Every structure is written in C-alpha cells, then in structure tokens.
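Listed below, chain by chain, are the residues.
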Amino acid sequence: MHLTKGSLPDAPNRHLLRYGALAACCAALFAVLFALVEAHWGPLARLDRSWTDGEHGYAREHTAWTAAVQTLSNIGGTVTMRTLLGLAAVWLWLIGARVLATWAAAQALVGWAALWALRFFVGRPRPHFGDPVAYAAGPAFPSGHAMASAITCVILVWLIRPHANRAGRVATGGAAALAVLAVGWTRIVLGVHWPSDVLAGWLAAGVILGGVTVAVELWRPGDLARDVRRVNWRTRPRVQRVLAGEPSAPGRES
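Residues numbered from 1 in each chain as written. Predicted model: local features only at pLDDT ≥ 70, side-chain atom pairs only at ≥ 80, totals over all residues. Heavy atoms only, no water.

A.B. asks: Report on the packing of helix α2 (residues 42-61) against helix α3 (residues 63-75), specifying residues and quantitative values.
C.D. replies: One can describe the packing of α2 onto α3 by two numbers: an axis separation of 5 Å at closest approach and a directional angle of 115°. Considered as vectors, α2 and α3 are oriented roughly perpendicular to each other. In this structure, α2 uses Tyr 58, Ala 59, Arg 60 and Glu 61 to contact α3, whose residues at the interface are Thr 63, Trp 65 and Thr 66. Counted by class, the contact of α2 with α3 contains three nonpolar, two polar and two charged residues. (Axes fitted to C-alpha atoms, helices over the stretch in contact; angles between N-to-C directions. Helix = DSSP H or I, 4+ residues; strand = E, 2+ residues; numbered from the N terminus. Parallel < 35°, antiparallel > 145°, perpendicular 65-115°, else oblique. Contact = heavy atoms within 4.5 Å. Nonpolar A, V, L, I, M, F, W, Y, C, P; charged D, E, K, R; others polar.)

Quick look at the structure:
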C-alpha cells in the first residue's frame, strides 16, 4: 500500500465505513419499523396478526411438531447464544487476542442492555391466545432470541472465516443464516412474538454488530485485524504447513 503526503492507510477507513454503514442502515430501518408499530399501521398489524394466528393454529393441532419447535427455540435461546459468545470471548482472551475478546464480550453485553432498554421503552404486548402453546414473559419488541442468535452466529462465522476456504465460508455462512432464520421463525410459531418483533431483533443485531465494531476500531485502530491474525496463527493445524509444501527429508520418500 502506497501513501501520499497527508494520506492515511485506507483499510481501517474502509472497515469504519463498512461497519458504520451497517449500523446506520439497520438503525434507520429499525426506526421506520418502530414508527409503524407505534402507529399501529394497518397493513403491518394485519400481517402480524394473520401470520401469527396461522402459525399458532397449526402448532395447536400438531403437538409433536410444536414440541420439536419448542426444543429448537430452547437450543437457540438467549442463554445458549450468550454462553457461546462468552466462551468464545474467554478462549480469545486466553490465547492473547485481548481486543478481539473484548469485542466479542461487548457484543453480548451491549446486546443484552439494548434489548431490555428497548423493551422497557416500547412496552409492546406479546400475542395473546386463549389456548397458548407456549409462554414467555416481558414485552415483545424486539425479539431477544432473534437478536442474540444473529449476533452470536455472525461473530462465530467471522471467527471461523480466516480458517476456511471459499466453500467452507459459503457453507458456514449458509448454516449460520439458516440457524438465525429458524430461531426467529420458532418464536412466531410458538405464538410468543409477532413477525415484526423478530425483524426488529435482526435489525437491532445489525446496529449492535456494526456500532460496537466501529467503537472498537476507533479505540484500537487495526487491533481487531491483528488479533484475527493471532487467532489464525495460534489455531492453524500443522497439516496446513505440510500441505503448503515443506520438503521431505532425504531418504524418507517412499
């Protein structure tokens, strides 16, 4: 990379722009969605009600299906997701990737705080049924399951990415997207969230992922990328060095 007088390295700037744009776009969409929910906009309210009623009716009539969905929802719950993120942060700290560990822990903590602040501020009731198939406490908007699963899956894929080839990246990215979609969908099927709650959870996750990353980049410019290289070096299997072409010792060839 060549620098001219008065210029700065462009990689950190690109990262700031990329993650800042992610946070800003998701924040704008979240604000629009929030305004529509608060205004009880007819098309959105009808979509929420019809979708939730349809899923609840099917779940009520198929108990085995509902039990499987509840299990999936529990596996992808906020406790599980934050535990995975916490374990990842501890592991990163132990191998010396301290800034990356702080970044991962901050995502979990900021996500938890933002969830309860938004729920307290909005105070949206959950769907109500005379014969519910599941129960959940607290306000509905946004979905904590949707937010936590999105944050955790994105971070785990981000950590795995340097170790995978192109096919591996596509596979892990696809699996993560499917997991996030499935967890959000289970909350609608179980009748404990409106579809717009789930969408709000995903948008809030985008704000947190982008915003926390920008904050860390401003605090320690370039250190996230450095720690990613550290993780790659500490966890790279020895077989990769062999496959890279280390010469065989004389007389050892078969």
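A.B. asks: Explain the pattern of salt bridges to me, and be specific about the residues and the numbers.
C.D. replies: The final tally for this structure, using the stated rule, is four salt bridges. Where Asp 53 meets Arg 49, a salt bridge forms, and the shortest distance between an N and an O atom there is 3.0 Å. One end of the pair, Asp 53, and the other, Arg 49, are both in helix α2, four residues apart, so they sit about a helical turn from each other. Taking the relative accessible area as the measure of exposure, Asp 53 reaches 34% and is therefore partly exposed. Because the salt bridges share partners, they merge into one network encompassing Asp 48, Arg 124 and Asp 197. (Salt bridge = Lys/Arg side-chain N within 4 Å of Asp/Glu carboxyl O. Buried < 20%, exposed > 50% of the residue type's maximum accessible area, 1.4 Å probe, protein only.)

A.B. asks: Report on the packing of aromatic side chains, specifying residues and quantitative values.
C.D. replies: Inspection of every chain in the model, using the stated rule, returns six aromatic pairs. Judged by centre distance (6.4 Å) and plane angle (45°), the rings of Phe 34 and Phe 141 are tilted. Placement of the pair is Phe 34 in helix α1 (residues 10-38) and Phe 141 in the loop between α5 (98-122) and α6 (144-160), with a sequence separation of 107 residues. Counting every residue linked through ring pairs, the aromatic cluster contains Phe 30, Phe 34, Phe 121 and Phe 141. Across the ring face of Trp 116, the terminal group of Arg 119 is positioned such that the distance to the ring centre comes to 5.2 Å. For Arg 220, the ring lying beneath its charged end belongs to Trp 219, and the centroid distance is 5.4 Å. (Phe/Tyr/Trp six-rings, centres within 6.5 Å; stacked < 30°, edge-to-face > 60°. Lys NZ or Arg CZ within 6 Å of the ring centre and 35° of its normal.)

A.B. asks: Tell me what's going on with unusual backbone geometry, and back it up with residues and numbers.
C.D. replies: Generally, phi is negative for residues other than glycine and the peptide bonds are trans, each holding for most cases. For the bond running from Phe 141 to Pro 142, omega is 0°, close enough to zero to count as cis. One can find Pro 142 in the loop between α5 and α6. Not every positive phi belongs to a glycine, and His 40 is a case in point at roughly 55°.

A.B. asks: Could you give an account of a nonpolar patch on the surface, with specific residues and numbers?
C.D. replies: A cluster of nonpolar side chains, contributed by Val 90, Trp 93 and Leu 94, occupies part of the molecular surface with about 330 Å² of accessible area. Mapped onto the elements, Leu 94 comes out in helix α4 (residues 78-94). Note on Leu 94: relative accessible area 66%, which makes it exposed. (Patch = residues over 30% accessible without salt bridge, like charges linked within 9 Å, V, L, I, M, F, W, Y side chains within 5 Å. Areas by Shrake-Rupley, 256 points an atom, 1.4 Å probe, with all protein chains shown as cover.)

A.B. asks: Lay out the nonpolar core with the relevant residues and their values.
C.D. replies: Judged by nonpolar contacts, the single largest core of 38 residues is most densely connected at Leu 92, Leu 100, Trp 103 and Ile 151. Breaking this core down by element, the ones donating at least two residues are α1, α4, α5, α6, α7 (166-189), α8 (195-219) and α9 (223-235). With sequence-adjacent residues up to four places away left out, Trp 103 is seen in contact with Ile 155, Trp 158, Val 212, Thr 213, Val 216 and Leu 224. Formed by six residues, the second largest nonpolar core is a distinct cluster that contains Ala 59, Val 69, Leu 190 and Val 192. (Core = buried A, V, L, I, M, F, W, Y, C linked by side-chain atoms within 4.5 Å.)

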